[in-house]
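# Topology and contacts: notes
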Amino acid sequence: MSLSTNSKRSATHSPPMKKAKSVSVDSRNGLHHRHHSDDTVFDPDDPNAPALIATNLSRKKATPPQPAKKLLIKLHKGKPTLPPNFEEDTWAKLKSAICAIFLKQPDSCDLEKLYQAVSDLCLYKMGGNLYQRIEKECEAHISAALHSLVGQSPDLIVFLSLVERCWQDLCDQMLMIRGIALYLDRTYVKQTSNVRSLWDMGLQLFRKHLSLSPEVEHKTVTGLLRMIESERCGEAVDRTLLNHLLKMFTALGIYTESFEKPFLECTSAFYAAEGMKYMQQSDAPDYLKHVETRLQEEHERCLIYLDASTRKPLIATAEKQLLERHIPAILDKGFTMLMDGNRIEDLQRMHSLFSRVNALESLKLALSSYIRRTGQGIVMDEEKDKDMVSSLLEFKASLDTIWEESFLKNEAFSNTIKDAFEYLINLRQNRPAELIAKFLDEKLRAGNKGTSEEELEGTLDKVLVLFRFIQGKDVFEAFYKKDLAKRLLLGKSASIDAEKSMISKLKTECGSQFTNKLEGMFKDIELSKEINESFKQSSQARSKLPSGIEMGVHVLTTGYWPTYPPMDVRLPHELNVYQDIFKEFYLSKYSGRRLMWQNSLGHCVLKAEFPKGKKELAVSLFQTVVLMLFNDAENLSFQDIKDATGIEDKELKRTLQSLACGKVRVLQKMPKGRDVEEDDSFVFNDGFTAPLYRIKVNAIQLKETVEENTSTTERVFQDRQYQIDAAIVRIMKTRKVLSHTLLITELFQQLKFPIKPADLKKRIESLIDREYLERDKNNPQIYNYLA
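Bear in mind the structure is a predicted one, so any value in this text is a computation, not a measurement. Along each chain, residues carry numbers from 1 onward, in the same order as the chain's sequence is written. It should be noted that, the model being predicted, local features are given only for residues of pLDDT at least 70 and side-chain atom pairs only at 80 or more, the latter also being counted only at that level, while totals for whole chains, interfaces and linings use all residues. The basis for every side-chain value is the complete set of heavy atoms in the structure, and neither hydrogens nor water enter the calculation.

## Some remarks on the pairing of strand S4 (residues 613–620)
This is how the line gets drawn: Relative accessibility decides the category of a residue: with a 1.4 Å probe and only protein chains considered, values under 20% of the type maximum give buried, values over 50% give exposed, and everything between is partly exposed. The helix and strand labels rest on DSSP assignments: H or I over at least four residues marks a helix, E over at least two residues marks a strand, and numbering proceeds from the N terminus. Two strands pair under a simple rule: DSSP has to find at least two bridges between them.
In terms of residue burial, S4 counts as a mostly covered element, since six of its eight residues are buried. Two elements, strand S3 (residues 603–610) and S4, share eight bridges in a ladder whose sense is antiparallel. Its bridge partner being in S4, Cys-604 is matched across the sheet by Val-619. Counted along the chain from S3 to the antiparallel partner S4, the turn is two residues long. Sheet topology note: the S4/strand S8 (residues 694–696) ladder contains three bridges and is parallel. When the bridges of S8 are listed, Glu-616 appears paired with Arg-694.

## Considering the nonpolar core
Where we set the bar: Only buried residues count toward a nonpolar core. Its members are Ala, Val, Leu, Ile, Met, Phe, Trp, Tyr and Cys residues joined through side-chain atoms within 4.5 Å. Whether two residues touch is decided by their heavy atoms; if any such pair falls within 4.5 Å, the residues are in contact.
Within the largest apolar cluster, 81 residues are counted, with the highest numbers of intra-cluster contacts made by Phe-335, Phe-354, Ile-371, Phe-476 and Tyr-480. With sequence-adjacent residues up to four places away left out, Tyr-480 is seen in contact with Ala-437, Leu-440, Leu-444, Arg-487, Glu-499, Met-502, Ile-503, Leu-506 and Leu-518. In terms of nonpolar packing, the next biggest core, distinct from the first, is built from 67 residues, Ile-134, Leu-242, Leu-264 and Leu-314 among them.

## Observations concerning the environment of Asp-680
Mapped onto the fold, Asp-680 is located in the loop between strand S6 (667–670) and strand S7 (681–684). Leaving out residues up to four positions away in the same chain, Asp-680 has contacts with Ser-637, Phe-638, Lys-669, Met-670, Pro-671 and Asp-675.

## Side note on empty space enclosed by the protein
Inclusion rule: We place a 1 Å grid over just the protein atoms. Points where a 1.4 Å probe fits but has no way out form a cavity, open points with protein on both sides within 12 Å along at least 5 of 7 lines form a pocket, and any residue with an atom within 4 Å of a point lines it. Grid points are joined across faces, edges and corners, and a volume is the space filled by probe spheres set on the points. Basically, the charged four are Asp, Glu, Lys and Arg, the nonpolar ten are Ala, Val, Leu, Ile, Met, Phe, Trp, Tyr, Cys and Pro, and anything else, Gly included, counts as polar.
Per the counting criterion, the structure on display carries one cavity of 30 Å³ or more. Space inside the largest cavity adds up to approximately 60 Å³. Lining the largest cavity, in full, are Leu-94, Ala-97, Ile-98, Val-118, Ile-134, Ile-177, Ile-180 and Ala-181. Where the lining of the largest cavity is concerned, the elements lending two or more residues are helix H1 (86–103) and helix H4 (156–180). Sorting elements by how many residues they give to the lining of the largest cavity places H1 first, with three residues. Residue classes in the lining of the largest cavity are distributed as eight nonpolar, no polar and no charged.

## Brief notes about the pattern of salt bridges
Filter applied, for reference: One side-chain nitrogen of Lys or Arg within 4 Å of one carboxyl oxygen of Asp or Glu is enough to make a salt bridge.
This model, assessed by the stated rule, comprises 38 salt bridges. Residue Arg-165 pairs with Asp-169 through a salt bridge whose shortest N-O separation is 2.9 Å. Of this pair, Arg-165 and Asp-169 are both found in helix H4, four residues apart, which corresponds to roughly one turn of the helix. In this structure, the salt-bridge partner of Asp-400 is Lys-396, at a minimum N-O distance of 2.9 Å. Taken as a pair, Asp-400 and Lys-396 lie in helix H15 (residues 388–405) at a separation of four residues, close to a single helical turn. Its relative accessible area of 26% is what places Asp-400 among the partly exposed residues.

## Here's the deal with helix H28 (residues 740–750)
Filter applied, for reference: Throughout, the arc means the angular range of directions from the helix axis out to the C-beta atoms.
Listing the buried residues of H28 in full gives His-740, Leu-743, Ile-744, Glu-746 and Leu-747. For H28, the angular spread of buried residues about the axis comes to 165 degrees, placing them on one side. Facing away from the buried surface of H28 by more than 90 degrees, the exposed residues are Thr-741 and Gln-749.

## Focus: the sheet that holds S4
Counted only if it meets this: As a rule, the C-alpha atoms of each element are fitted with a line to give its axis, helices using only the stretch in contact, and angles between N-to-C directions run from 0 to 180 degrees.
Strand order in the open sheet formed by three strands is S3-S4-S8, with mixed pairing between adjacent strands. Whereas interior strands pair on both sides, the edge strands pair on one side only; in this sheet they are S3 and S8. Here the strands of the sheet are splayed against their neighbours by 30 degrees on average, with no regard to which way each runs.

## Things to note about the packing of aromatic side chains
Put simply, the rule is: In this analysis, rings of Phe, Tyr and Trp, with Trp reduced to its six-membered ring, are considered paired at centre separations within 6.5 Å, and the interplanar angle assigns stacked below 30 degrees, edge-to-face beyond 60, and tilted for intermediate values. Charges are assigned to positions over rings by a cutoff of 6 Å between ring centre and Lys NZ or Arg CZ, combined with an angular limit of 35 degrees from the ring normal.
Enumeration according to the criterion identifies 24 aromatic pairs in this entry. Arranged with centres 5.3 Å apart and planes meeting at 55 degrees, the rings of Phe-535 and Phe-585 form a pair that is tilted. Placement of the pair is Phe-535 in helix H21 (residues 512–537) and Phe-585 in helix H23 (residues 573–589), with a sequence separation of 50 residues. We note that Phe-535, like Phe-585, is buried. Both rings, one in Phe-582 and one in Trp-597, keep their centres 6.3 Å apart while their planes meet at 65 degrees; by these two values the pair is edge-to-face. Residue Phe-582 is found in helix H23, and its partner Trp-597 is found in the loop between H23 and S3; the two are separated by 15 residues along the sequence. Classification of Trp-597 as partly exposed rests on a relative accessible area of 29%. Site record: aromatic cluster; members linked through ring pairs are Phe-535, Tyr-578, Phe-582, Phe-585, Tyr-586, Tyr-590 and Trp-597. Taking NZ or CZ as reference, Arg-232 lies 5.7 Å from the ring centre of Phe-270, over its face. Its end group placed over the ring of Tyr-480, Arg-487 keeps NZ or CZ at 5.5 Å from the ring centre.

## Section: the environment of Ala-608
Of note, Ala-608 is situated in strand S3. Exposure remark for Ala-608: the relative accessible area of 13% places this residue in the buried category. In this structure, the C-alpha to C-alpha distance between Ala-608 and Met-628, residues 20 residues apart in sequence, is 9.8 Å. With near-sequence residues (within four places) excluded, Ala-608 lies in contact with Gly-613, Lys-614, Lys-615 and Leu-617.

## A few points about the confidence of the model for the protein
Inclusion rule: Each residue carries a pLDDT score, the predictor's own confidence in it, on a scale running from 0 to 100.
Residue-level pLDDT values for the protein average 82, and 87% of them are 70 or greater. Low pLDDT, under 50, characterises residues 1–61; the predicted model gives this stretch 83 contacts beyond four residues in sequence or across chains.

## As for helix H19 (residues 473–489)
Because each turn of an α-helix spans 3.6 residues, side chains separated by three or four positions end up pointing in the same direction. The condition is simple: Helix span, expected: 1.5 Å multiplied by one less than the number of residues in the helix.
For H19, with 17 residues, the first-to-last C-alpha span of 24 Å sits near the 24 Å given by 1.5 Å per residue. When you tally the buried positions in H19, you get 16 out of 17 residues, the bulk of the element. Taken from the residues just after H19, Gly-491 is the one with a positive phi, measuring 65 degrees.

In C-alpha cells, the structure reads:
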C-alpha cells in the first residue's frame, strides 16, 4: 500500500506478530502438541499437568476405549537469530515512510508492514533507539516547517493562515506517525517513565521550535489580537481561524502566558478608551445598553474561540473598565432621570450590571438620596399641603413598582425605601401626621362618589404604609379622633364598615390601647341609638314633648371623645323644653350621671317659607338659633343678634358670614361685603331661590381653623408631658438610683414619640421641684427616687 500524508483517514493496522512455535505431530492419535520454551514433559496422568483435550469425531460404539498414552513434547535445539543489519534496515523503511509523511509524498511500503516493523523492533528491545530516531526525524521536519514561516507575508491574516496550515499539517502528520508506531506508544512509552507519547513529543518539539522563532510567535499573537480588535470594532473576521490558532496555543500549553496575558492587557486598554469616549457622548441608558451588549459579546467570544479559562478574567476586565470606573458618573448623569421617568427596564439593567461589580451599595445610596431629595420637595412645600399625602402615595407606589420590577424585590433596597420615607414623614414634626389623618377623613367622609369598597380598602392600606413611618403617632390619633367624631356625630361617614376596618388596621399596627377610645366612640353611637328609641317610647316623650319638632341626642362618654370647649347659646324655647324632658328621662334611667350639652356639635333641618317657595335648610345649631330670630323681626343688627343669642363674637361672625356671605345667602347683609363687622345689620332674603328643595348651608364652624389645629396639637403636647413624667417615675421607682445618661437612654427606649433631650431634662427638673426625685449630694448627675 502506498502512503500519502494528504489522507486524513485512519490506517487499519494488523496485530503484532507472535513468535512461531515448533509443533510435532503424533499421527497415531491425531493430537497436535505445541512446544513450550522450557524442557518440561507433561504427563497426562498427572492431575497437575495441563489438560489435553482430544476430540474423536468418528467414535464407534463397538470400539473399546483406548488405554491412556503418554505424550512427549520436544524443543528444537537451535535458537532463532535476527538477520544481519535488521535494526538499520527496518529503520530505513520507517524513516522513508516518516519522510514521505512530512513531505506529503506517497510511500511504496505497506502500512501493515510498517506497523509490523515497529512491533518487531519493540519485541527485540529496540524501542528506545526507535523512539529517539523518530524524535530526531520529527524535530528536523518541524524545525524546518516553522523556520519556513520566518519572513512570510506582511499581511497578518495571510500569515495566520500559514501558521494554521503548518499546525494542521503537524497534527495530521503526527497522527499518521503515531498510527504506524502505535505499538511503540503502547509498550515502550508506557513502560518507561519520563518518556512522552509520540503525540506529546510532537507538541513539545513544535513548542520548542516556536519559542526559538520569536518572530513567528510574536507575529501570530499580534495577528490574533488585531483580528479580535477588528471584530470589536464591528468588522467581520474568520472566527474559525481564530478558534484553530487559539486551540493550538492551548494544546502547546502556552495559551496563558503567550496569548491570554497580552490579550487581557489589550482588552483593558481598548475598553478603558471606549468607556471614556462613550460616557462623554452617550446618556446613561444608552451607555448601560452598550455595556450590556459588550459583555454579551465577550461571553460569546469565550464560547466560540477563546479558551474557557479566559471567560472570568476577560469579563472582569471589561466590567472594570466599562462599569466599575464609571459608577459615580453613571449615577450622577442618569439615575435621577431614570427615576423621574419611571424607566423600569433601564433601572433593571442598571441594577443587574451594578450587581456584577458589587456596586449595589452605591445604587442604594443614590436611591436614598433621590427619595429624600424628591420627597423633601413634597413634604416641605407648605403651599401644597393639601396634596401632600396623595403625592406621597403616588411617589411610594412608583417606588414600589421600581423595587419589584427593576430591583427584583431586593430586601436591602426595600429597607432603603423605608428608611428614606421615615425620614421624610418626620421631616416637619407633626404636620404630616395631621395631614394623613385629614386625608383619611376625606376618604372616609360621605360624598366620595365613584369609589368602590375595594378601592377604598386599597387606599386605606396604602395610607397605613405612610402611617407606619410616623414617629409621633399620638398626633395622628388626636386628629383622627377629632375627625372621626365629626363624621359619627354628623352622620357623614361613607361606610361604617370602612370606619371599623380602618380601626381594625390601626389596632393591628399599634395595639388595643391605641384604638380603645376610637372603639368606645362607636359603642357610644350604637348605645345612643338605643337610648333614643327608648326615649321615644317613654311616657315623658309621649306626654310632654312639644309638637312639630323632632330631636335626636347623642350621649357621649367624656373620656372617649375629643375635648370640646363649652359654648353658651340661648336656645329657642322649644329646644330648651326638649332638652329638659330628655334630661329628666336619662337621669331617671341612669342615676349618678351628669349630662353636659355640647351646643357647638348640634345640627338641625329647618323648614323655611320663602316668597318663591318652601325649602328645607340643613344648618348648624348656631345657624338655627340666628335664623329663628327672623321669625319675629325683619331687620336685626349684629348687636341685636348677639344679645338675643348669647353667642360669643368670633363664633357669631362666622355664623352670620355663612348665612349672608356664602353661596347660599338666606340673609342679606348691609352694607354688602365678604366680612361681618359689628355695625352690620341683617334682613331676611325674600328673593332667595334655589333649584333644590333641601339645601346645605355650609357651616363654617365645621371647617378647621388654625386655632383649632393649634389647640389639638397643644393637647397632644400636654399629654406627652404626662407620659414623660409617668415614664420617669416608673423607671426611677424600679431602679431607685440612676445616672442622668442612663435615665435619658431608657426614656428614649420607652417613649413612642420623638422628643428632644432638652425637653426630657425639663421634665426631670420639674419632678425634682415636685419632690419626686432628688439629686445625689455627691454627684449632681445621679438621681435618687423619693419613695
